[in-house]
Structures are given as C-alpha cells and as structure tokens.
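# Architecture and fold: a report
Listed below are the residues making up each chain.
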Amino acid sequence: MRHVASASASLGSLGLLRLFGVSWSWSLAAGLGVYLGTSSWKYLYIAVRTAKRDLNGLYVLLRVKLALWRYMHSGGNIPSIFAQTVKLYPEKAALIYEATGETWTFSQLDQISNAVAQWAHAQGWASGDVVALFMESRPLQVALWLGFAKVGVEAALINFNLRRDALLHCVGVSESRGIVFGAELADAMLEVSSALSPSMMRFCTGEPSGEHLAALGTQHLDPILASTSRLPPPPCRVPKGFNDRLFYIYTSGTTGLPKAAIVVHSRYYRIAAFGYFAFRMCPNDIIYDCLPLYHSAGNIMGVGQCLIHGLTVVVKKKFSASRFWEDCIKHNCTVVQYIGEICRYLLSQPVRPSEKGHRVRLAIGNGLRPSVWEAFTERFGVARVGEFYGATECNCSIANMDGKVGACGFNSRILPNVYPIRLVKVDEETMELVRDGQGLCMPCGPGEPGLLVGRINQQDPLRRFDGYASQDATRKKIAHNVFKKNDSAYLSGDVLVMDELGYMYFRDRSGDTFRWRGENVSTTEVEGTLSGLLGQADVAVYGVTVPGVEGKAGMAAIADSTGNFDCSAFLREVQQALPPYARPVFLRISPQMDTTGTFKIQKTRLQREGFDPRLTTDQIYFLNSRVSRYEPVDEELYAAVLEGRMCL
C-alpha cells in the first residue's frame, strides 16, 4: 500500500484532521459529555479497557479514508484500481474455480474482461446502460461485470434462486437493456421469456441446448467472447468517477419485492478495503469464497480482495459442508468466508482429519452466534474470527477487530462521534423512532436495544447513502433530525444492543424481513405469492425462533374456512414459486385472521405463539425436508424440534 503511505506523508496533521471529515471539537465535547455523565473512575476504566481497540479502529478508518481521498482526486475507479493490481501481480492466480480447477491469472482476468468490454461496446451499450447477470457463481461472472464497468455499463446482479414474478421484477426495476444468463438457468428464463421486452438482448453462457437457444431467441456468448479482441476497450465517452454507479445488488425490504441497491465504485472499494485492514489480511492470503457472487459478502468482501489487493480467491459454485475443509487444504486457503449457518453446518459434520489439516487462520463473515463461535474456533483450530455488521447499501458498517466473542463490532465510548453511528430508541410495537422534546432521536444507553442509524454526508464516501433504483424505497430509509436539527441519517432496520465498553451485538431485524439460510426473506413478498397460489386467501408470514438455529424459520398462517386445506398440493406449488429459503418451514391453518381497522393482519400474537401446538387450537404443520412433506405438529414433534432431534 505504497500509495497510502505517500498520501499520508504528504498531509500535515491539520490536513489529516480535515480529511477525516470530523469536527474534532465536537468529538472532544462529546467525550467530555461522556466524562461528565459518568463517574470519573468509570470513564477512566472504559478508556483504559478500550484505548487500544479504539486507536486500531481509528487507524483502519484513516487508512481507508486516505485511499478513498486519493482515488477520488485522481479520477480513479474500480477498473483503474484493478489495472494497478494487474501490473503488480500479472502471472499470479487471481481466481480459481473450484468446480473445474480452472485458474485465471490476473492478466487472464484482465484480458477476458477486456473482451467483455469490447463485446459490450460493439452491442451499442454505453455508459449508464444496465445489463442483468443471472447465473450461478463462477469466475466469468466477475469478468462480465468488470468488463462492463470498463465501458461504463452497469450490471444488475440477480439472485439465481429467483423465479417468475420476482425475477421479472428484478430485471425490470433495473431497466436492463440486456441479460446474460447461465445455461443452468435456461428453464427459469423460459418461464419469464414471453414477459420480457422483445427488445431485450439475450445471451447465454455455459452449455445450452440448441432448443433453449432457439426458444429464448438467445445467442451463445462463449464463442463470441472467444473471438473478440482482448485489447483494452476504447475510452468511455462519459467516464465513470469514484462516486458513480458500478452495479446493482438486490436486497429484500419491507416493500415486498427485492430492491436494487446502488453500489458505486467508492462503496465497492470502501467495503473491501475496510475488511482488508480491519482483519489484517495480506496479498499472500488465499480466500475460500463459497458465498454467492450476487451478494456483497461474496462479490465485494471476497472477490474485492482479489481485484483491489491482489489476493487469490477460490470461487465455489455452491457451499458443501462435506467438502469445505478438503477444498481449503487443496487450494492452501488461509481465509474463509461464512454466514452463521455455514459454521453450524460444519459443526454438524462428522469429525474428519481434514478439519485440522488446513492452513486457515481467519474466518470472516456475519451472523455467528456466541455458542457456535467458540465451538467453531476450538474444533477447527481457526485462530481468528472477523465478524462484521453491514448491509450492501448502509453507511454504518462496523467490525469486530479484536475477537470479542459474540460482538459484531464496536463504537468508541470515549469519542463516539469520530464514527457517527448511534443506537436510537424505537417503539417496540410500531418501530417508530422515539423523539425527545426538541424532536431529536433519543440515544440508547448501554444494555438498551435500539435501531442502528448512521449520519449521512454525501460528500464523504464513508458516510454517503446511495440508496436504491427506486427513489421511493430510498426515501423510506432516511430519517431527519436524528443527531441534530436538519441532519439526515440512514435507518438500518436492525436492532442492536451495546455494552458499556461500546461492543455491539446483533439483536433482531425490524420491519417485514427476517434472516433464514443466509438470505433476507421479505414477508410481504412471500405473503403475496402464497395468497396468489391460494386464490387470494389471507396469509400472514413471519419468522419464528428455533432453539440452536441461526436466523428465524419462516412460518405462514393461512386463513381456510373450508377445512379442506391440502398440504401436498400446497407444497408442490410452493416449490415451483419460491426459492428454498423462502418456503415456509411451519404452517398454521386458521379459520380466519385477526385484522386491524385498516385490514392489516395482526402478527403479534401469531409470532408470540410460534409453532407451539399447546397455545392454539389451529392445526400446525412442519415441513419435514427429509421426506419432503408437511407433517402435523403434536407435542412429541414440537419437543423433537426444540431439542434438535428433528432436522430443519
């Protein structure tokens, strides 16, 4: 990182403070406020306990801030940063595709992305146009969006689990002019082909059948790219700057269908660099990336280390618990990525020699429970866990830099405004912000759960909020008069709690989403799908907690006054309409739903009663995945689920 060092040396201390974008007098005043509001001995105790951690956090922020400043003022973007990486490591392995063992060097990745750029330019796609990518994880997916970026075209990275209405929505909301899909998803494309615009250009990669190509009016992309020039493309007529759009990543929200979150070049860099410095990675590391590349975790936190810092990344098409450690040994991986469920799946595997014969020293991800955390590190001999919190679009990311078990990050108690995030009080029933007499949000104290918010400053890459393709969805994530009068802040939608030392712990998701199998599930979206399948019956979808399992399992309460609900027929239709993670694990069949005066279904009682058959006369069913059918929940089955004897 010679550029960071030179930038740092060229700045005086005053310039550095200005660059950091913080009113230090205000920060010191805030620290004094903490001091005055706390007994002096306790303030000193907190300062002594957290000084090293806070200084390390400040160092990481400064490193990222300095690099962002440099690239912003030099007109850089992700392709130009990648070009520097290629010069440093031309023959080093950049991406390894675990499914085939194929290795792409940095030079090869550069050349293939050049071919993509040349091809995109020849199609007439120009800076600002959008092309959708719909495929399973593979190195070509990286080459495609990177090549598009070289000519200013923006990719829409679509979840390969989506089908029908959700798939059409994602393509439509991005206003994509074309779509590139994997041959493995040709059937999903056939389901929506007639509803796509006839003017949308369609290309298939992989090994499609001639029938699929003809039926979809699709061109086979692989031979086209093989015969396309691999020289750098012509310069963009409208060059993309560091705060211009790079691509879209879709995220579930309270409005129902997925939202297209805007990822600008500076955001991509910030997320990747933040992880690199916070978790002390180095160019010699090899990352095992088994997370989908349509997610920011897999594509930015993982692949970003390759493009920006020169690390080798092993791309796994699909997570396999039985092959995980063997893959790590095979490719000499030193870093692995996870979501909480992955660690639990690994712990459920039988003991194998490979689980201790690897070189993995660091696991980075989110959603790891404290009990699983300690069992994971002890059993598999992984020295360090890098847990973090952050959404694709958020400006309040935090990271656990010192291994505090269970914490997803921290904020300084001594100088809290150096990084202006806060937990604020909300009404537990409505999730509305609670305000004081001056109309400002009320901060939470240690041990008090609150909504995480981050102050917005569009001139600061660390504080900006770029929102979504939908302006309405963007407005709903912004609140005003939060920290002070006339400011604005991003609403994370997540409830966290902070201890007296400033460590933060994830508590729950607010709004109409819940986390299951590493995916955000929109209750509104699933309710709409199920209601449509059932002739517009009243349906309430919500997440229920299952002991020992990360996230919340989906449960659907369905109104059926006939008493003739057919579980088998329902499951067949659900399997066609919803991805696996969105299918209800539990069903509750009720004669009718409790509604409000505005006909909104009341979920509070339903969530409280969960899937306990003793609390209701309604029939409850459980999706037994081993036999692929819904089975009635009696007290014996209920106990088996609670005790972990029944697999979810």
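Relevant structure appears above.
Here's what I pulled together on the structure shown here.

This paragraph deals with the environment of Leu140. With respect to the helices, strands and loops of the structure, Leu140 is situated in helix α7 (residues 139-150). Classification of Leu140 by relative accessible area gives buried; the value is 12%. Taking the C-alpha atoms as reference points, Leu140 and Tyr97, 43 residues apart in sequence, are found 9.6 Å from one another. Beyond its immediate chain neighbours, meaning those up to four positions away, Leu140 contacts Trp104, Ile112, Thr205, Asp222 and Leu225.

What the 7 strands build is an open sheet, ordered β7-β6-β5-β3-β4-β8-β9; its pairing is mixed. Only two strands of the sheet have a single partner each, and these edge strands are β7 (219-220) and β9 (259-264). The sheet contact formed by strand β5 (residues 178-182) and strand β6 (residues 201-205) spans 5 bridges and is parallel. By the bridge assignment for β6, Ile179 is matched with Arg202. Set on the sheet, α7 makes contact with β3 (130-134), β4 (154-157), β5, β6 and β8 (245-251); between it and β3 the angle comes to about 175 degrees.

On to the pairing of strand β23 (residues 519-522), then. Judged by which residues are buried, β23 turns out to be covered on both faces: Glu519 and Val521 on one side and Asn520 and Ser522 on the other are all buried. Remark: 2 residues form the turn of the hairpin made by strand β22 (residues 513-516) and β23, two consecutive strands paired antiparallel; Arg517 in that turn has positive phi of roughly 55 degrees.

Within helix α5 (residues 78-88), burial applies to Ile78, Pro79, Ile81, Phe82, Thr85 and Val86. For α5, the buried positions fall inside an angular range of 155 degrees around the axis, keeping them on one side. Pointing more than 90 degrees away from the buried face of α5 are the exposed residues Lys87 and Leu88. Looking at the packing, one finds that the buried side of α5 touches α4 (40-74), α6 (106-122), α7, β8, α12 (265-278) and α13 (296-309).

Moving on to the pairing of β8. Looking along a regular strand, one sees the side chains alternate between the two faces of the sheet. By the criterion of burial, β8 is predominantly enclosed, with 6 of the 7 residues buried. Of the pairings in the sheet, the one linking β4 to β8 comprises 3 bridges and is parallel in character. Bridge pairing in β8 links Ala156 to Tyr248. With 6 bridges connecting them, β8 and β9 associate as antiparallel partners. In the strand pairing of β9, Thr251 is matched with Lys259.

Quick notes on the rules
Residues numbered from 1 in each chain as written. Predicted model: local features only at pLDDT ≥ 70, side-chain atom pairs only at ≥ 80, totals over all residues. Heavy atoms only, no water. Helix = DSSP H or I, 4+ residues; strand = E, 2+ residues; numbered from the N terminus. Buried < 20%, exposed > 50% of the residue type's maximum accessible area, 1.4 Å probe, protein only. Contact = heavy atoms within 4.5 Å. Pairing = 2+ DSSP bridges. Axes fitted to C-alpha atoms, helices over the stretch in contact; angles between N-to-C directions. Arc of directions from axis to C-beta.

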